[in-house]
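Survey of secondary and tertiary structure
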Amino acid sequence: MSGAQCCENPPTLSSTSGDGCVQQLGGLQTYVSGSLDSKLGILLVSDIFGYESPNLRKLADKVAAAGFYVVVPDFLHGDPYVPENAEKPLPIWIKSHGTDKGAEEAKPVIEALKSKGISAVGAAGMCWGAKVVGELGKSDDLKAIVMAHPSFVTVDDIKEIKVPIAILGAEIDKMSPPELVKQFEEVLSTKTEVDSFVKIFPGVSHGWTVRYNNEDEAAVKPAEEAHKDMLDWFAKYVK
């Protein structure tokens, strides 16, 4: 079910990273960045390494700087995947961290945002998180979703999407190889009622949007390109 690529380039987690703060939202510890004055909310759903990833929080701050109120909940409940933990290899870890559970736990977060006066909500998910936002995209609760290097997402999932969707795939990705991403694109092309954008980034691997070395310009550039595509999608539909 889970590939080794899911585990490559693990981030050095930091509970104090980012310009925002951590607070309770919808029953979950959540990294929050941006101002409620915006009235536009974005839910970011992490990969298997969780909400303390510095690059993920940096992305949240970037989305907030574009005018959104951004929340990154701890759907992993303080138990992110740790590659060095031999007692919890990925097939064992994933059993207690199902994407279906993440999708259910996201609903109170979305409601909490709306209760704070947020009038429109979009969501983006990376890897594990892409499956979560895909589940959420099967209803009308969100204005738009973005999947980055999705894991576990199927053609049948894509058939059920009801909101504008952008899919950002990697050329080198065993979890969602380009052939599968192209199948997603074919399905979406027949769903004329759902706006879609599908892009495969050449020369990058699964995880490239958040698991990159900040000092490696060749890695930073495609990550920033993906971040721009994400922001453009939200600017177009989350309003």
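Analysis parameters
Residues numbered from 1 in each chain as written. Predicted model: local features only at pLDDT ≥ 70, side-chain atom pairs only at ≥ 80, totals over all residues. Heavy atoms only, no water. Phe/Tyr/Trp six-rings, centres within 6.5 Å; stacked < 30°, edge-to-face > 60°. Lys NZ or Arg CZ within 6 Å of the ring centre and 35° of its normal. Axes fitted to C-alpha atoms, helices over the stretch in contact; angles between N-to-C directions. Helix = DSSP H or I, 4+ residues; strand = E, 2+ residues; numbered from the N terminus. Parallel < 35°, antiparallel > 145°, perpendicular 65-115°, else oblique. Left-handed = near helix turned anticlockwise from the far one by under 90°. Contact = heavy atoms within 4.5 Å. Nonpolar A, V, L, I, M, F, W, Y, C, P; charged D, E, K, R; others polar. Salt bridge = Lys/Arg side-chain N within 4 Å of Asp/Glu carboxyl O. Buried < 20%, exposed > 50% of the residue type's maximum accessible area, 1.4 Å probe, protein only. Polar contact = N/O pair within 3.5 Å; in protein donor to acceptor, adjacent residues only side chain to side chain. Expected span 1.5 Å × (residues − 1). Pairing = 2+ DSSP bridges. Right-handed = clockwise from strand over helix to strand, strands pointing away.

Here we come to the packing of aromatic side chains. Considering all chains together, one arrives at six aromatic pairs under this definition. Members of the aromatic cluster, joined through ring pairs, are Phe49, Tyr81 and Trp93. Residue placement shows Arg57 over the ring face of Tyr51; its charged tip is 5.0 Å from the ring centre.

Let's shift gears to the packing of helix H3 (residues 99–115) against helix H4 (residues 128–136). For the pair H3 and H4, the least separation of the axes is 9 Å and the interaxial angle reads 60°. As summarised for this structure, H3 and H4 are arranged oblique, according to the angle between their axes. The two elements H3 and H4 meet at a crossing, and its hand is right-handed. For the pair H3 and H4, the contacting residues are Thr99, Gly102, Ala103, Ala106, Lys107 and Ile110 in the first and Trp128, Lys131, Val132, Glu135 and Leu136 in the second. When the residues that make up the contact of H3 with H4 are grouped by side-chain class, the tally is six nonpolar, two polar and three charged.

Under the defined criterion, the tally for this structure stands at 13 salt bridges. Across the pair Glu160 and Lys138 runs a salt bridge, and its minimum N-O distance is 3.9 Å. Here Glu160 is found in the loop between helix H5 (155–159) and strand E7 (165–172), whereas its partner Lys138 is found in the loop between H4 and strand E6 (144–148), with 22 residues between them in sequence. Residue Lys199 pairs with Asp229 through a salt bridge whose shortest N-O separation is 2.8 Å. Within this pair, whereas Lys199 is found in strand E8 (residues 196–205), its partner Asp229 is found in helix H7 (residues 217–237), the two being separated by 30 residues in sequence.

With that settled, the discussion passes to the side chain of Ser17. Mapped onto the fold, Ser17 is located in the segment before strand E1 (21–25). In this structure Ser17 comes out as buried when scored by relative accessible area, which is 13%. There is a polar contact of 3.0 Å between the side chain of Ser17 and the backbone oxygen of Ser14. Setting aside chain neighbours within four positions, we find Ser17 in contact with Tyr31, Glu52, Pro54 and Arg57.

Another aspect to go through is the packing of helix H1 (residues 54–65) against H7. Where H1 meets H7, the axes come as close as 11 Å, and the angle between the chain directions of the two elements is 45°. When the axis of H1 is compared with that of H7, the two are oblique. In the packing of H1 onto H7, the handedness of the crossing is right-handed. In this structure, H1 contributes Leu59, Lys62 and Val63 to the contact, and H7 contributes Glu224, His227, Met230 and Leu231. Taken together, the residues of the contact of H1 with H7 sort by class into four nonpolar, one polar and two charged.

Right, let's talk about helix H6 (residues 178–190) for a bit. The terminal C-alpha atoms of H6, which comprises 13 residues, lie 19 Å apart, in line with the 18 Å expected from a rise of 1.5 Å per residue. Buried within H6 we find Pro178, Leu180, Val181, Phe184, Val187 and Leu188. For H6, the secondary structure elements touched by its buried residues are H5, E7 and E8.

What follows deals with the pairing of strand E5 (residues 120–126). With respect to burial, E5 is a largely interior element, seven of its seven residues being buried. What you see with E5 is no split at all: Ala120, Gly122, Ala124 and Met126 on one side and Val121, Ala123 and Gly125 on the other are buried throughout. Pairing of strand E3 (residues 40–45) with E5, which is carried by six bridges, proceeds in the parallel orientation. Counted as the bridge partner of Gly41 is Val121 from E5. In this sheet, E6 lies alongside E5 in parallel orientation, the contact comprising five bridges. Each residue of the ladder has a partner; that of Met126, found in E6, is Ala148. Once you follow E5 into H4 and on to E6, the crossover reads as right-handed.

Reading across the sheet, the eight strands line up as E1-E2-E4-E3-E5-E6-E7-E8 and stay open at both edges, with mixed pairing between neighbours. Two strands lie at the open edges of the sheet, namely E1 and E8, each paired on one side alone. Taken pair by pair, the neighbouring strands of this sheet meet at an average axis angle of 25°, ignoring direction. Packing of H6 onto the sheet brings it into contact with E7 and E8, and relative to E8 it is tilted by some 170°. Along the sheet, H7 contacts E3, E5, E6, E7 and E8; its crossing angle with E8, the most-contacted strand, is approximately 170°.

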